[in-house]
Amino acid sequence: MLALNDRYPLRWARVILTAVMEAVLCGALPGAAGEETGKVPDPTTVVWSARPAEKWENAFPVGNGRLGAMVFGKTDEERIQLNEETYWSGGPYSTVVKGGFKALPEIRKLVFDGQYKSAHILFGRNLMGYPVEQQKYQALGNLVIQFPTEGAATDYRHELDLDTAVDTTSYSLGGVRYTRQVFTSPVDQVIVVRLAADRPGRISFRVQLRGERNEAHSNYATDYMRMDGFGPDGLVLRGKSADYMGVEGKLCYEARLLALPEGGDMTVDWDEIVVSGADAVTLLVAAATNFVNYKDVSADPAARVDAALKAAAVKSFDALREAHVCEHRRLFRRVAVRFPRTPNAGLPTAERIKQFDGTNDPALPGLVFQFGRYLLISSSRPGTQPANLQGIWNDKMNPSWDSKYTTNINTEMNYWPAEVGNLGECAEPLARMIRELTDQGGQVARENYGAGGWVFHQNTDLWRVAAPMDGPSWGTFTTGGAWLVTHLWEHYLFTGDKEFLRDNYPVMRGSAEFFLDFLVPHPKYGWLVTNPSTSPENFPAVPGQLPFFDEITTFKTTTSVCAGSTIDMQILEALFGQVAQAADVLGVDRDFKKRVLEARSKLAPMRIGRKGNLQEWLEDWDETEKSHRHISGLWGLFPGRQISPRRTPELAEGSRVVLEQRGLPGNGWASAWKAACWARLGNGAKALDNFTYAMHKYTTDSLFSICSNALQVDGAFGMAAAVAEMILQSHEDELNLLPAVPASWSEGEVRGLRARGGFEVSLSWSGGRLKQATILSTLGGTCRVRAGVPVTVVSEGKKVRATASVGGVIEFNTRVGGIYVLTAR
């Protein structure tokens, strides 16, 4: 073993670990769809189709965290749909309504008295934010390229290489082989389109930069867009966001195209460019708005665009591509997976999905895992906005659920694969949004609840509003912000970054401070509970409760308003414990720590119902919808850690009953959540059942997730996390290797997963049993491993003393930068 560099131990440890695991993984990772190495494309890193996308959700996504594009891959009229992450309706605004706390005592009394309808109505009249709804993420436009019609294309292939983040369309037409590459550079902040052919002078097309207008609502007539030529080689699209719900549209945007032909002729004809007889053409697209932050829209979009294009235009296409690929691979190549390859792995992705039966294509889960990581890199980078319901990809002016940030599962799920997938810095936008939410969140805490600290509910938008929205059944989810805060602590657990923890501790403390004021004793049980409360979007079958016409939502409904929902109690148990631990780590707030631990000890406990199920509510109510998509009462199983087959077998069995009762139906993100929960229960077969069901029912041809017929990214992220959870778990202060690997994954290899405690884990297995694991310790300290088989531990060629503890777990001491190889005996 090479000696570690004394000055840069972690850097060299990672170099050594990478070299070791690449040998384990049978060689270096493949290049761009196999083109750079001449090998067959890796079935875990290439999404491809034998035909162009016929609808938007089947197009292939590229993005750099700020600019997104969906590529259709057409041969007659190509459409590349464009997004800029800060183009939303409206402008800076507040939904805080003053004085709502005055009605809170009466609302609480009604809830405790079982008068849920009355509590619902009173909450709606006094505590809902105004406007009741929020702003919408908007489509920016389309790059449309029209080609001369020369007959039908043959030998067609459209592929997205996850390893290079380059979309490539290639086909033959009229005896010429055409190739079109598209990528969105995080280095140069432009979308790059390269059109080339294998014969000179064969590139001819007309191109337009087309804007979008909202045609569905008359009150959107305040938006506008204008398409023009720009000099002898460009096009420009300018526009303004729409007013919505009385909020003035204050965002201005500019998108500009620069065409760089090699040979041939080019003219600008009003609002389109005409290219004839070129050998090749590079198109550069830059876009920006005047958004600075959620309170400031004073930037100059034209200056931003101009700077990006001027810098990119002086670089060759090869230089642009090389810089882009290098930066993408810096993140993407931290992790590699390899599962058994079958003939089905060579099929087009849509066919792989269609034919998948759980056993005939073990590499497909590997592709789904890497696609989730690819989406996170493409939609969430340091300095950008967090990934919203659709990441950064949206083709509508009125997208489903406004394509905003829904925080009763969806936004959180977007970031489930970040830490374990070795992409911790991609969660920086989420951490920043959490800090920004404390602004209006602090105002809502005071005005709605008469409390200190800050609170946030179930939705926000670009402008970081924090008050309840949609209606009382949704708006009474007061623990949305607390759930988000748990991500801050998780980042610390994975990285040991004390500066990050110190910077974010006030946010964590503020959330706990709110709930210390908000929690009240239950008059019947004496436990501390949230009131009002809800279990997200699931309406309980409360005896005697009848539907009523809701004056807020204007439809007939019952209510989900209650006290002390199970998810609330689980989140707060976690929050209080994490704040106490953070105070210990930082050596601060001894008295505050004592208060939160005392409150935690008084929280309502989880309860088992008459059917053997873990109750979703404090009372033993049934659900009105058998297969409801939310499994909120299982938060303590995943992503929380309160429920464990080993530590709390009764609660684990109650969780199993719930999962069996809910079954397979739901939507894409529901399947992912259930798969992760089954993985935590150690049942790989059931986890794979949910994966398979999601592939058939809730997955687009391009591997996006589907929710109620709408494209979303949450299920793709969630399923990536579920796959990782089947291979490695670290939530119980140990590295649990292969805890839920299904039988069809009898062999496999993975490199570079991250675990809590600052460990980086690579492993290989055969026959469902561990062969070898390599562990890099970035923080030092004790490493506890549940390997499932007897192992020997070696570091730098020397055997490491490992002691066995209860339950087949071994322990050994590690040093910072140390690499430890565990080999099955």
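To keep things clear, this report deals only with the structure shown in the data block. (Residues numbered from 1 in each chain as written. Predicted model: local features only at pLDDT ≥ 70, side-chain atom pairs only at ≥ 80, totals over all residues. Heavy atoms only, no water.)

1. Quick look at the packing of helix α12 (residues 480-495) against helix α14 (residues 566-586)
Part 1: At a closest axis distance of 9 Å, the pairing of α12 and α14 adopts a crossing angle of 40 degrees. Overall, the two elements α12 and α14 adopt an arrangement that is oblique. The interaxial crossing formed by α12 with α14 has left-handed handedness. Where α12 approaches α14, its residues A482, W483, V485, T486, W489 and Y492 are matched on the opposing element by I567, I571, L572, L575, Q578, Q581, A582 and V585.
Part 2: Here the contact of α12 with α14 is built from residues that sort into 11 nonpolar, three polar and no charged. (Axes fitted to C-alpha atoms, helices over the stretch in contact; angles between N-to-C directions. Helix = DSSP H or I, 4+ residues; strand = E, 2+ residues; numbered from the N terminus. Parallel < 35°, antiparallel > 145°, perpendicular 65-115°, else oblique. Left-handed = near helix turned anticlockwise from the far one by under 90°. Contact = heavy atoms within 4.5 Å. Nonpolar A, V, L, I, M, F, W, Y, C, P; charged D, E, K, R; others polar.)

2. Here we look at the layout of surface pockets
Part 1: The computed volume of the largest pocket comes to approximately 720 Å³.
Part 2: For the largest pocket, the lining is made up of 43 residues, of which T486, H487, E490, P639 and R756 are closest to its centre.
Part 3: It is α12 that contributes the most residues to the lining of the largest pocket, eight residues altogether.
Part 4: Tallied by class, residues from the lining of the largest pocket come to 20 nonpolar, 12 polar and 11 charged.
Part 5: Computed from the structure, the second largest pocket encloses a volume of approximately 480 Å³.
Part 6: Lining the second largest pocket are 25 residues, with W401, D470, W474, E537 and R629 positioned closest to its centre.
Part 7: Considered class by class, the residues forming the lining of the second largest pocket number six nonpolar, 11 polar and eight charged. (1 Å grid on protein atoms, 1.4 Å probe; cavity = no way out; pocket = protein on both sides within 12 Å on 5 of 7 lines; lining within 4 Å. Points joined across faces, edges and corners; volume = space filled by probe spheres on them.)

3. Details of the nonpolar core
Part 1: Counting residues in hydrophobic clusters, the biggest one holds 232 residues, and the most contacted among them are L143 and L283.
Part 2: Here this core takes 12 residues from α14, the largest share from any one element.
Part 3: Non-local contacts of L143, meaning those with residues more than four positions away in its chain, are made with E78, R79, I80, L82, V193, V207, Q208, L209, L257, L283 and V285. (Core = buried A, V, L, I, M, F, W, Y, C linked by side-chain atoms within 4.5 Å. Buried < 20%, exposed > 50% of the residue type's maximum accessible area, 1.4 Å probe, protein only.)

4. Things to note about the sheet that holds strand β32 (residues 769-777)
Part 1: The antiparallel open sheet is built from seven strands, whose spatial order is β17-β30-β31-β32-β38-β34-β35. Taken across any chain shown, the strands that pair with only one partner, and hence form the sheet edges, are β17 (336-338) and β35 (798-799). (Pairing = 2+ DSSP bridges.)

5. Remarks on the packing of helix α17 (residues 668-680) against helix α19 (residues 714-727)
Part 1: Interhelical geometry of α17 versus α19 gives an angle of 15 degrees and a closest axis separation of 8 Å. On the basis of the axis angle, α17 is roughly parallel to α19. Between α17 and α19 lies a crossing whose hand is left-handed. Along its contact with α17, which presents G668, W669, S671, A672, A675, A676, A679 and R680, the element α19 presents D714, G715, G718, M719, A722, E725 and M726.
Part 2: Its residues assigned to classes, the contact of α17 with α19 shows eight nonpolar, four polar and three charged.

6. Some words on unusual backbone geometry
Part 1: Following Y130, the chain continues to P131 via a peptide bond in cis, the omega torsion being 0 degrees.
Part 2: Within the secondary structure, P131 sits in the loop between α3 (116-126) and β5 (141-146).
Part 3: A cis geometry characterises the amide bond from F638 onward to P639, with omega recorded as 10 degrees.
Part 4: Mapped onto the elements, P639 comes out in the loop between β25 (622-623) and α16 (649-662).
Part 5: Positive phi outside glycine occurs at D155, with the angle close to 50 degrees.
Part 6: By secondary structure assignment, the location of D155 is in strand β6 (residues 154-161).
Part 7: Within the chain, D402 stands out as a residue other than glycine whose phi angle is a positive 65 degrees.
Part 8: Tracing the chain through its elements places D402 in the loop between α7 (363-379) and β18 (405-406).

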